[in-house]
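This is what each chain is made of:
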Amino acid sequence: MGSHDGEADELPPPPPVPPDVVPIKAEDVVGELPPNKPVKPKKLPMARPGVGRKGQSIQLYSNHFKISVKSTKEFFFHYHVNLKYEDDRPVDGKGIGRKVIDKLQQTYHSELSNKDFAYDGEKSLFTVGALPQKNNEFTVVLEEASTGKTAPNGSPGGDDSPGGGDRKRVRRSYQPKTFKVEINFAAEIPMSAIGQVIRGEESENSLEALRVLDIILRQHSAKQGCLIVRQSFFHNNPSNFVDLGDGVMGCRGFHSSFRGTQSGLSLNMDVSTTMIVKPGPVIDFLIDNQKVDHPRKIDWQRAKRALKNLRIKTLHANAEFKIFGLSERNCKEQTFPLKQRNGNDGDCDTVEITVYDYYKKKGIELLYSGDLPCINAGKQKRPTYFPIELCNLIPLQRYTKALSTLQRSSLVEKSRQKPQERMTILNDALQQSDYGSDPMLRSCGISVAPKFAQIEGRILQAPKLKAGNGEDIVARNGRWNFTNKKLIQTCSVDKWAVVNFSARCNVGNLIRDLMRNASAKGIQMTEPFEVFEENPSMRRAAVSRRVDDMFEQIKSKLPGAPKFLLCLLPERKNCEIYGPWKRKCLAEFGIVTQCLAPMRVNDPYLLNLLMKINAKLGGLNSLLQIETSLAIPHVSKVPTIILGMDVSHGHPGQSDRPSIAAVVSSRHWPQISKYRASVHTQSPRLEMMSSLFKPRGTEDDGLIKESLLDFYTSSGKRKPDNIIIFRDGVSESQFTQVINIELDQIIEACKFLDGQWSPKFTVIVAQKNHHTKFFQTGSPDNVPPGTVVDNVVCHPRNFDFYMCAHAGMIGTSRPTHYHVLHDEIGFSADEMQEFVHSLSYVYQRSTTAISVVAPICYAHLAAAQVGTFLKFEEMSDASSSQGGHTSAGSVPVPDLPRLHEKVRSSMFFC
């Protein structure tokens, strides 16, 4: 046999890999697989099947700015940064990293061949081209002592200060601080990977290259002194602040990030808002925060929770510290050991002195804080006390607790801008950012075009609706009404009663008006059996007792269980009776209930109320014409179930509140307007749904099984051949988990019910919290309802589109970004966009098109309502300002009570 230059005989080429499959690398699976078990290829988001053509053309601008990149053979070099103090303790303070790296660059620029850095503030540093050495160690000296660790001489923390400790530590406190910095090579990323981003070929390298560019933006803003929240930047400019009350301010800034789109790389800039603590004297913040008019009235336990971890600057020494807590006693009584040199031999005597007297000796006269606790800016074992009047909160400190309803509405009202105003602000922000001057961007060959991207959008025609008696409803500008029309399927309201939890209102008039409006809409409503007024002695009682007492009254007076209860509450929004009342009605007794706070009750209000009652009791207000004429592609002719899935988390402050997963599913196929919901709790902050499929022996306790069985019984004993899943609230980095983990669980749940049954699946993610906005080129108004965009600013490869189904009345409309990740059913782009658009018109609670498909809205509502069943005290106040997070999955979560079988399949969430 002739030689082949040492090569083995050539093998035939391997079979081609299907376009939507990514082979798994060998090292990913080594040691994990049982022998001979085939590796399941990982599913990837599908490619776009073409673009939509339907609808009337409209010219738009978008807040994407085109980026030109000079092609280059250069590499980004990634280095791992390790910061330590001289004695090898790791550096833990926030913000100190940037100071150290800046100083390192100034001190050693020639040893680093004058390289510019992109530093993320923590462990990663990037350069264009390599540093001279792979592994580097430097010593950096920071002159300033106000790194928050120790204080300058003469102020607390020095050797004669409240709580300064042993001598050795003290001597170091006014010397410059020394750091050891290790910079070790981690990886290299070809800059050509930016080209992969634009072609939609996502790889480790392309995602990493984008991350480097975003880090450059963050660093650029850090150098301008901004507060940085992920990719949003906030300048310390009081004209950007609005007061929200209670010591909290809204702060306007902007978001800025790079995205790969069909038209190349773009810079996406948007207006962004965050909450900050009101800067200035600590005492002013506390008075605002607790709504009191005098320092004497401050609740100091609450104050301690509100102040923990905030940073202060002291007036007398101009140094920065982090608040640890408050002193046990007041400033005039709180003592600490003060070391004093005695005259002759330089030895020290220690005397106990009060903080107040210490400052008096220093010549600082305290005007009001003698009788108040001191701020402790030291540690548990080594306190450092400051009188409260010498402490100012420094600006741009994030406030991360939950806002009150009032603060939230104030923030929304004060931070919204009309489209034209938003465009002006963005133009100014782009100029102010001055990215052209950034040396790192320049060395990447990147420049930003100063013009908004121009796009052709399309306006889809609104679907026609059906009301009662076969009448048509035509929606105009995303809204319609039932004037002189009846609801399409009405319920009868009988065996019902009214309960009044001390709301002030004329109940007789309310019932009369409600019955009159009901009959006009075709709802048969009898007189209520009884009106139960709360016993006045119960008003001050605990909420659960008030609810129990009301039910005792109901049981003693009614001949049997009521079918429906109308509940009058004393206040709108966040009434504490709401959760316990809903839980009692829905979980314990299976009674449909509608709450209202009778403030301003008129006919339009009552019609809205009746639409909710009708839907809850099994009626429907309107249907789509294509639903009744069976004309929905892929859905009307083949049994199809539509799922809406969402996980809602507690507010950032409530780290131990379980997350709530809801699955909403359609019933009564071929209708797509009727839904039910199942809700479970799961570990706090866990975004992936953990209870879709929960096998237990021969049983499945998961959320999906319930939905499938209900569809089967409500749709004439048919199994769905198509399953369409709408998933809300996942970021792009989690898309592969949705189609590889969640979808697989849903498939398992189907197989568990019937091993022979294999339906087709389509998975669509809806995102609301992105930063792409659209503006009309020829009008100051928001884009019209039905606007869809699937070019220029969409993904270069994947099947995504933006849709504004709703009429934006205030502020600038936020389009919903839909990503079709997986589609076995075979929708074309037009079919998918029209299907999604029509699902914005089946929401039973309003006569308007809504901004995201109804099944997802219902999943939000169901999670929120059932979430009120869990008794959570105001935890938002108890956590620190930074919000302590528990790691997901580490806490056993309380189970939710199951809904009573009588209401389990109702639209209780409407």
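Residues numbered from 1 in each chain as written. Predicted model: local features only at pLDDT ≥ 70, side-chain atom pairs only at ≥ 80, totals over all residues. Heavy atoms only, no water.

1. Observations concerning the sheet that holds strand β8 (residues 177–190)
Spatial strand order, β5-β6-β4-β8-β7: 5 strands in an open sheet with antiparallel pairing. The sheet terminates laterally at β5 (118–119) and β7 (135–142), the two strands that pair on one side only. Sheet topology places strand β4 (residues 75–85) next to strand β6 (residues 124–128); 5 bridges connect them, and they run antiparallel. Looking at β6, one finds that Phe 77 is bridged to Thr 127. Of the strands in this sheet, β4, β5, β6, β7 and β8 touch helix α2 (residues 96–108), which is tilted by about 105 degrees from β7. Docked against the sheet, helix α5 (residues 204–223) engages β4, β5, β6 and β8, running at close to 145 degrees with respect to β8. (Pairing = 2+ DSSP bridges. Helix = DSSP H or I, 4+ residues; strand = E, 2+ residues; numbered from the N terminus. Contact = heavy atoms within 4.5 Å. Axes fitted to C-alpha atoms, helices over the stretch in contact; angles between N-to-C directions.)

2. Structural notes on helix α14 (residues 578–589)
Here α14 spans 16 Å end to end across 12 residues, near enough to the 16 Å set by a 1.5 Å rise per residue. Among all positions of α14, only Gly 579, Trp 581, Lys 582, Lys 584, Cys 585, Leu 586 and Ala 587 are buried. Against β27 (496–500), α13 (543–557), β30 (564–568), β31 (592–596), α15 (603–616) and α20 (854–867) lie the buried residues of α14. Among the residues trailing α14, Gly 590 stands out with phi positive, at a value near 70 degrees. (Expected span 1.5 Å × (residues − 1). Buried < 20%, exposed > 50% of the residue type's maximum accessible area, 1.4 Å probe, protein only.)

3. Details of the nonpolar core
Buried together is how nonpolar side chains tend to be arranged in soluble globular proteins. Judged by nonpolar contacts, the single largest core of 90 residues is most densely connected at Phe 726, Phe 835 and Tyr 858. With 9 residues, the single largest contributor to this core is α20. Those residues in contact with Phe 835 that sit more than four places away from it in its chain are Ile 632, Val 635, Ile 642, Ile 672, Ile 724, Phe 726 and Phe 827. Counting 43 residues, the second largest nonpolar core, distinct from the first, contains Ala 306, Leu 307, Leu 326 and Ile 375. (Core = buried A, V, L, I, M, F, W, Y, C linked by side-chain atoms within 4.5 Å.)

4. Here's the deal with helix α6 (residues 282–289)
Burial within α6 is extensive, with 6 of its 8 residues counted as buried. Among the residues making up α6, those that are buried are Val 282, Ile 283, Phe 285, Leu 286, Ile 287 and Asn 289. Against the buried residues of α6 lie β13 (264–277), β14 (280–281), α7 (300–307), β15 (311–314), β20 (373–376) and β22 (391–393). One or two positions beyond α6, positive phi appears at Lys 291, with a value near 55 degrees.

5. Some words on the sheet that holds strand β32 (residues 623–624)
A sheet is described by the order of its strands in space; here 3 strands give the open sequence β25-β24-β32, paired in antiparallel fashion. At either margin of the open sheet sits one strand with a lone partner, and together these are β25 (472–473) and β32. Of the pairings in the sheet, the one linking strand β24 (residues 465–466) to β32 comprises 2 bridges and is antiparallel in character. The residue bridging Leu 465 from the neighbouring strand is Leu 624, located in β32.

6. Some words on a positive patch on the surface
A cluster of basic residues, Lys 94, Arg 230, Lys 322, Lys 379 and Arg 398, forms a positive patch on the protein surface. Inspection of the secondary structure assignment puts Lys 94 in the loop between β4 and α2. For Lys 94, a relative accessible area of 71% gives the class exposed. (Patch = residues over 30% accessible without salt bridge, like charges linked within 9 Å, V, L, I, M, F, W, Y side chains within 5 Å. Areas by Shrake-Rupley, 256 points an atom, 1.4 Å probe, with all protein chains shown as cover. Salt bridge = Lys/Arg side-chain N within 4 Å of Asp/Glu carboxyl O. Lys, Arg positive; Asp, Glu negative; His and termini not counted. Charge placed at Lys NZ, Arg CZ, Asp CG, Glu CD.)

7. Some remarks on the pattern of salt bridges
Tallied over the full model, the rule gives 38 salt bridges. Among the salt bridges present, the one from Lys 43 reaches Asp 744, with a minimum N-O distance of 2.9 Å. Residue Lys 43 is located in strand β2 (residues 42–43), and its partner Asp 744 is located in helix α18 (residues 735–753); the two are separated by 701 residues in the primary sequence. One exposure class covers both Lys 43 and Asp 744, and it is buried. Salt-bridge contacts for Arg 696 lead to Asp 701; the nearest nitrogen and oxygen are separated by 2.6 Å. Among the residues examined, Arg 696 registers a relative accessible area of 52% and is labelled exposed. Residue classification places Asp 701 among the partly exposed positions, given a relative accessible area of 32%. One network of salt bridges, with partners in common, ties together Arg 667, Arg 676, Glu 706, Asp 710 and Arg 898.

8. Describing the environment of Ile 298
Along the chain, Ile 298 turns up in the loop between α6 and α7. Given a relative accessible area of 6%, Ile 298 falls into the buried group. When the C-alpha atoms of Ile 298 and Ile 283 are compared, they prove to be 9.4 Å apart, with 15 residues separating the residues in sequence. Not counting the four nearest positions on each side in its chain, Ile 298 is found in contact with Ile 283, Leu 286, Ile 287, Gln 290, Val 292 and Ala 303.

9. A look at the packing of α13 against α14
Interhelical geometry of α13 versus α14 gives an angle of 50 degrees and a closest axis separation of 9 Å. Of the possible angle classes, the one that applies to α13 and α14 is oblique. The handedness of the crossing between α13 and α14 comes out as right-handed. Residues Val 543, Val 547, Asp 548, Met 550, Phe 551, Ile 554 and Lys 555 of α13 form the contact with α14, whose own contacting residues are Pro 580, Trp 581, Lys 584, Cys 585 and Phe 589. Classifying every residue of the contact of α13 with α14 gives 9 nonpolar, no polar and 3 charged. (Parallel < 35°, antiparallel > 145°, perpendicular 65-115°, else oblique. Left-handed = near helix turned anticlockwise from the far one by under 90°. Nonpolar A, V, L, I, M, F, W, Y, C, P; charged D, E, K, R; others polar.)

10. Overview of the confidence of the model for the protein chain
Within the protein chain, residue pLDDT values average 88, and 89% of them lie at 70 or more. When the criterion is pLDDT under 50, residues 145–161 qualifies, and its contacts beyond four places in sequence or with other chains add up to 56 contacts. (pLDDT = per-residue confidence, 0-100.)

11. A few points about unusual backbone geometry
Excluding glycine, residues mostly have negative phi values, and the peptide bonds linking residues are mostly trans. Here the residue pair Trp 669 and Pro 670 is connected by a cis peptide bond, since its omega of 10 degrees sits within 30 degrees of zero. Structurally, Pro 670 can be placed in the loop between β34 (659–666) and β35 (675–682). Not every positive phi belongs to a glycine, and Asp 246 is a case in point at roughly 60 degrees. Structurally, Asp 246 can be placed in the loop between β11 (241–245) and β12 (248–261). Of the residues examined, Asp 246 reaches a relative accessible area of 18% and is grouped as buried. Notably, Lys 717 is not glycine yet its phi reads approximately 55 degrees, a positive angle. Relative to the helices and strands, Lys 717 is located in the loop between α17 (703–714) and β38 (722–728).

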